[in-house]
Amino acid sequence: MVPPVAVSPVIKTARWSFLLIGMFYGKQRYDYLKPRAEKERLVEEAEKKIREEQEKIAKALAEGNIFFNSSEC
Amino acid sequence: CGYFVQQLMDKPHRQPVEYFSAATYSKPRLATFWHYAKVELVPPSPAEIPQAIIGIKNIVTGVNSGRLGQTTVKDAFRNGLVCTEVMMWFYIGECIGKGGIVGYAV
């Protein structure tokens with residue numbers, strides 16, 4: 001087996017410091033994005049409700065039209 | 001019938017067969033991985049950090065003096081690969097920090 005290579009200290013420190021920096025960056029970004037995503041979810045919920053109401057009204061109108069046009073009532 | 005039973009009992013014992021399982025497959029490979037990782041992937045000891053700072057200073061002086069402009073394409077390619085690998089550790093750290101591999105689970 002090839003003997004293991006002695007890695008230069010520059011590369012070793014660079015690797016592990018990047019690992020730690022990456023962990024901090026990931027945690028920070030997650031904490032930054034989480035409340036924004038919550039707010040956006042609430043906004044999306046409200047808009048969805050309004051949209052569904054409108055769709056219901058449109059559907060009722062469409063079905064009602066069938067009766068409005070007939071000469072039965 | 002007794003003759004056949006006798007034959008079965010007299011059959012020489014072979015070594016028990018090691019059946020193919022995840023443990024038997026991975027153990028020697030884990031051993032080789034550990035053999036290399038113990039030397040190559042360990043974090044820098046406190047004695048090596050000043051050496052690393054000196055090394056970075058050397059690189060900076062090399063850039064300023066123009067010595068790094070003289071690197072061969074082969075060396076530059078090799079150094080580029082090493083830098084790419086070091087950058088990947090950053091993204092692995094980011095995956096650990098955000099708690100997931102693809103995307104942020106917000």
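Keep in mind that this is a model prediction, so the values were computed, not measured.

## Points about the overall build of chain A
Secondary structure assignment for chain A yields 1 helix and 0 strands. Of all 73 residues assigned to chain A, the portion counted as buried reaches 16%. As presented, chain A carries roughly 6,200 Å² of accessible surface, and 63% of it is formed by carbon and sulfur atoms.

## Re the interface of chain B and chain A
A common way to state how big an interface is: give the accessible area lost once the parts meet. Contacts between the two partners involve 30 residues from chain B, matched on the other side by 28 residues from chain A. When the two sides are added together, the surface that chain B and chain A hide from each other amounts to roughly 2,700 Å², 75% of it contributed by carbon and sulfur. Together, Trp89(B), Phe90(B) and Val106(B) form the three largest contributors to the area buried by chain B at its contact with chain A, with a combined 23%. Where chain B meets chain A, there are 2 salt bridges. We note a salt bridge from Glu48(B) to Lys12(A), for which the minimum N-O separation is 3.3 Å. For the interface between chain B and chain A, the tally reads 9 residue pairs in polar contact (both at pLDDT 80 or more). Of all the elements in the fold, those that place two or more residues in the side of chain B that touches chain A are helix H2 (22–40), helix H3 (48–65) and helix H4 (73–98) of chain B. The dominant element in the side of chain B that touches chain A, judged by the number of residues it contributes, is H4(B), at 12 residues. A breakdown of the residues in the side of chain B that touches chain A according to their chemical character gives 19 nonpolar, 6 polar and 5 charged.

## Observations concerning H3(B)
All names here are of chain B. Taking 1.5 Å as the rise per residue, H3 with 18 residues should run 26 Å; its terminal C-alpha atoms sit 26 Å apart, in good agreement. Of all the positions in H3, only Glu 48, Ala 52, Gly 55 and Gly 62 are classed as buried. Buried residues in H3, looked at end-on, bunch into an arc of 75°, giving them a common side. Pointing more than 90 degrees away from the buried face of H3 are the exposed residues Ile 54, Lys 57, Asn 64 and Ser 65.

Definitions and cut-offs
Residues numbered from 1 in each chain as written. Chains lettered and ligands numbered in written order. Predicted model: local features only at pLDDT ≥ 70, side-chain atom pairs only at ≥ 80, totals over all residues. Heavy atoms only, no water. Helix = DSSP H or I, 4+ residues; strand = E, 2+ residues; numbered from the N terminus. Buried < 20%, exposed > 50% of the residue type's maximum accessible area, 1.4 Å probe, protein only. Areas by Shrake-Rupley, 256 points an atom, 1.4 Å probe, with all protein chains shown as cover. Contact = heavy atoms within 4.5 Å. Buried area = accessible area lost by both parts, 1.4 Å probe. Salt bridge = Lys/Arg side-chain N within 4 Å of Asp/Glu carboxyl O. Polar contact = N/O pair within 3.5 Å; in protein donor to acceptor, adjacent residues only side chain to side chain. Nonpolar A, V, L, I, M, F, W, Y, C, P; charged D, E, K, R; others polar. Expected span 1.5 Å × (residues − 1). Arc of directions from axis to C-beta.

Read these as spatial facts, not as claims about activity.
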